[in-house]
Each structure stands twice: as C-alpha cells, then as structure tokens.
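Topology and contacts: notes
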Amino acid sequence: MAEPKVNELMEKIVSLSKRRGLIFQSSEIYGGINGFWDYGPLGAELKRNVKELWWQSMTRDREDVVGLDATIITHPKVWEASGHTSTFSDPMVDCKDCRGRFRADQLEGTPCPKKPSKMVTECSAEKTAPRAFNLMFKTYVGPVETEDNVAYLRPETAQAIFVQFKNVSEVSRQKIPFGICQIGKAFRNEINPRNYTFRSREFEQMELEFFIKPDEVAHAKEGAPGEDVSTDSPEPNWGWKQWHQYWVEQRLSWYKSIGLPADALELHWQSDDELAHYARATVDIMYKFPFGVQELEGVAARSNYDLTQHQEHSGKSMEYFDEESKARYIPHVIEPSAGVDRMVLALICNAYHEAMIPNAKGVPEKRVVMRFDPKVAPIKVGVFPLLKNKPELVDKAKCVYDMLKVHVASFYDETGAIGKRYARQDEIGTPYCVTIDFDTLGEKAELLDTVTLRERDSTEQSRVPIKELLSILKAGLGLP
Ligand code: ATP
C-alpha cells in the first residue's frame, strides 16, 4: 500500500490517538494549553508498559543498578550548582510584526502565528536579536512570594540522583562501578513546543547515572582492559570509553527489544561544538519520526562534573573510597537519559499501519492496524462472546475474561459483529483476540471448551483448549 504523505501521516496518528484514547490535549475543554498532553486510558497503559520495561531492564535485571524516587521541587541551590540557573536557556527572538516568540535555532519548520500556513523563515518582518531564555519553571515555596522563596520545577531528573549519591551508595552497599536510576516528571518552559508530544513543557524522563572509576584509577589496575576491549561483558576496571560504548549498545538493543526496528534508529555522535563543556562524549539515539530523524535519548560521558559541582556548592564531600584500589576519588559518570513521551510517540508512529483486510462479506477494506510489539501493547487480549443475546455464551466468555484479566491486560467486548470487534482491537494494537462460540459450549462435542484464538498481524485463527489458553498467550506475549 502507498505510504501516506508525512504530514498526512502525523495527522492520521494524532487523530487516531485522540479517537482511541491514547493521547488527549491537556485541558481540552478550555481550548487546551500549548505543550501539555494527557494520556487517555490506552495511552496510560502504553506509557506504564514502557516505564516498567525500562525499570525492569535497568535495575531489577541488574545487580549493579538501584532505583530512586526523588521530589520534583528541590533546594534551589541544586540548580545553581548544576549550572541550570545560569545557563539552562535557549536563544529566543521576537518578531516585531506579529509579536511571536521563537527559538532562534529552530526557526525552520516553525509556523507563523499570524499566517499558520507560512513558516517563520519565509516571513520578512524584522526580528529582535537572540537573547537567552531560561527554560526552568519558577514557583514559590511557602506563603510568601519573595525572591528568597523561589524554587524551580526540575528540568531533569538527573540532579536529584547526584544530590543523593552519598546516601544511596551507603545504604545500597554498592561498589563502584554502579548506577542509580530514576523515572519521573521534568518540566521545561520550551519556547516553541512542537511535533505533537515530542517537545512538551511537561514530560517524563527515565535516567540512569552510572558511576565509574576515573580512568587513572581504572587503568592503574594491573591487567585492566585497554581501550579496544570488546564491550560485551562489563568489567569494573573499564575506563569511561568502554562504559560509554557499553551503555550505547545496551540502550540500542533495548529499543530493538520493544519493537523499534534497527533501520529506524540512528546514532548521532555529538561534534565538539555540540558537546556540553563538561561532556567527553555524547551519543544521541535518534528515531526516524514522520517529521524527521530526532533524538529519543542521549548517552553522555559527563566526567565527574556534577558531583564536583555539588561538593563545591554544598560543602559536603562527594568522594568515594575505593577499597579495591585504596584510592579516594569523585566518581565519573555515564548517563543514558531518555524521554518517556518521545519513546511512546516513536512506538505509536512505528506501530501505525494501514492494511487491506477482508470484511465480513470477504471484501477487502482499508483498516488501521497498530502493530505494537506485544510487550508494549496497551491491551494484550480481547475476549468476545459470539453473540451478546445468548446468556450461555456471555457467561462462558466472562469466565474466560475473568481467568485472563488477572494475568494480562484484557478487554471484554460483546457489541457489534465479530469482524467489527476484531477491527476495533486491531486499531489499538491488541495482539490476540479470543472468541467464545457454540462449539465452546459443546455443539460439536470434540470442540467442547475450546475457543478461537486470532492473531493480529497474520489475522490467522486457531482453535485452542481453554485450559491451554493462558500458557499459549503468555508464550506469544513473551511473558514468563
Ligand atoms: P532537545 O535537544 O531535543 O531539546 P535535549 O538534548 O535538551 O533535547 P536532554 O536534556 O538530553 O534533551 O534530555 C534527555 C531526554 O529527555 C531527551 O533525549 C528527550 O527524550 C527528553 N526530553 C528533553 N526535552 C524534552 C521535551 N521538551 N519534551 C519531551 N521530552 C524531552
């Protein structure tokens, strides 16, 4: 089938996401609020699945990473130390004609607020010189609104990890190298939110700070691996280059494991002009969105900049005593930092397919099938009685649904023709549907207590005994 045009494709994705309850505009009944999005019933499930898979792979599956759940508002000195108060800004220009404000380095592709069919780059009206606009949202803590009480909504989850580094390393009894990971909300007052949820003002991050030995300590160890070592299995005395490469590879293979194809993912090594002054290397993991190849996650080698800054600003030592090498040092860090919302958007874009599928009369019809990987699909199985006016079928179907729903996200549906019900589930990416019919009740004795199991992508149907249903589904869904 011919590929839909890019904007047309995004329009279809946005409209499907609203119609089926993946993503809504925040405060829609009041006209919405730019840069804020809500996740509907299915979006909430999809997002939760992504976060759980990340958490599982980052900490529960590993012995060397522990979790943290820190506050959104912190002591404002955290942001002074990290440099956000002085430098977390984007260059902003104003248009002297329409009064629109734009990110100076992203004028391309930004529509003019006065004439939305035209891009700002085509407008000849005079613009102001770029000036720095700090992206942090400000608020006041307590009842008095003075400069002394200013606090910020965190623009990233990472800093709280650095601030709690000492506490976590003590209580977890982890030894360097080890990591601390966190999932949580972050806020950035983006000048021009755009590309649907891709650039939002409130979003969620999943970040890992993986603390490693400084190279001089790691390499001082006799028999420590050199630079060209294979990064297949971690070694405590790797230097930052190996650990950085290792995390890029880990993260890339995780994206593939949740269904993003290798040919839609790219690595972008930041050039010297793009790199933050403290970063030794940063690799952006990019996804081919319908609106262009854009960043999903950054994997940065951040030296020991953050812990050093917090040590200086708080006056508290961030040093670590390494019993193995008897060295005292401020650990260095590798940071894979991902955005949940961008990941969810990539999964939605990747899942969107239009297919010709025969309707009840056997006539092929154009239909949307969301080909989510079963691991992330919001609903794993739809359960239907063939007819809703036959209590025996309904009772049996509800029994099957009750049995399944405690194990996998299930959906019971009795309305409309069976073909329509399959179509509804295809459109939200449900990998399996189960139909209970008269044969289930024993109309054909040999089929008693069997059901029809339909697979989304092949549309193939098979007859399976109810007592084997759960294990067959679990195998198909990749569950233990
Ligand atoms: P960009 O260059 O696209 O603004 P960034 O390099 O500033 O992103 P980081 O500070 O490295 O982003 O944040 C880490 C991750 O957090 C990003 O890779 C992205 O997935 C997510 N993220 C950052 N800003 C936003 C945003 N405004 N909306 C949604 N997700 C975001």
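Preceding block: the structure.
About the criteria used
Residues numbered from 1 in each chain as written. Predicted model: local features only at pLDDT ≥ 70, side-chain atom pairs only at ≥ 80, totals over all residues. Heavy atoms only, no water. Helix = DSSP H or I, 4+ residues; strand = E, 2+ residues; numbered from the N terminus. Buried < 20%, exposed > 50% of the residue type's maximum accessible area, 1.4 Å probe, protein only. Contact = heavy atoms within 4.5 Å. Areas by Shrake-Rupley, 256 points an atom, 1.4 Å probe, with all protein chains shown as cover. Lys, Arg positive; Asp, Glu negative; His and termini not counted. Charge placed at Lys NZ, Arg CZ, Asp CG, Glu CD. Pairing = 2+ DSSP bridges. Axes fitted to C-alpha atoms, helices over the stretch in contact; angles between N-to-C directions. Near = heavy atom within 4 Å. Polar contact = N/O pair within 3.5 Å; in protein donor to acceptor, adjacent residues only side chain to side chain. Nonpolar A, V, L, I, M, F, W, Y, C, P; charged D, E, K, R; others polar.

Notes on the overall build of the chain
Looking only at helices and strands, one finds 13 helices and 23 strands in the chain. For the chain, the spread of C-alpha atoms along the principal axes amounts to about 80 × 65 × 50 Å. Each of the 480 residues in the chain was classed as buried or not, and the buried ones make up 49%. A fraction of 62% describes how many contacts in the chain between residues 6 or more apart in sequence connect residues 24 or more apart. Only carbon and sulfur atoms are counted for the fraction: they give 50% of the accessible area of the chain, which is about 23300 Å². Positive and negative side-chain charges in the chain, numbering 62 and 72 respectively, have mean positions lying 5 Å apart.

Overview of the sheet that holds strand β5 (residues 101-103)
The strands making up a sheet are joined through hydrogen bonds of the backbone, oriented either antiparallel or parallel. The sheet built from three strands is open, its strands ordered β5-β4-β6 with antiparallel pairing. Since the sheet does not close on itself, it has two edges, and those belong to β5 and β6 (131-134), each with one partner. Strand-to-strand twist of the sheet, defined as the mean angle between neighbouring strand axes without regard to direction, takes the value 50 degrees. Bridge analysis of strand β4 (residues 89-94) against β6 gives four bridges, and the strand direction is antiparallel. Considered in β6, the bridge of Asp90 is made with Phe133.

Let's talk about the site of the ligand
Within the structure, the ligand sits among 15 residues, and Glu190, Arg199, Ser200, Glu295 and Leu296 are positioned closest to it. Leu296 is positioned such that a nitrogen or oxygen atom in its backbone is 2.8 Å from an oxygen atom of the ligand. In this structure, Gly339 approaches the ligand through a main-chain N or O atom, which is 2.9 Å from an oxygen atom. Contact with the protein chains covers 81% of the free accessible surface of the ligand, which is 590 Å². No other element matches the four residues that strand β13 (residues 292-301) contributes to the shell around the ligand. Residues that form the shell around the ligand fall into these classes: four nonpolar, five polar and six charged.

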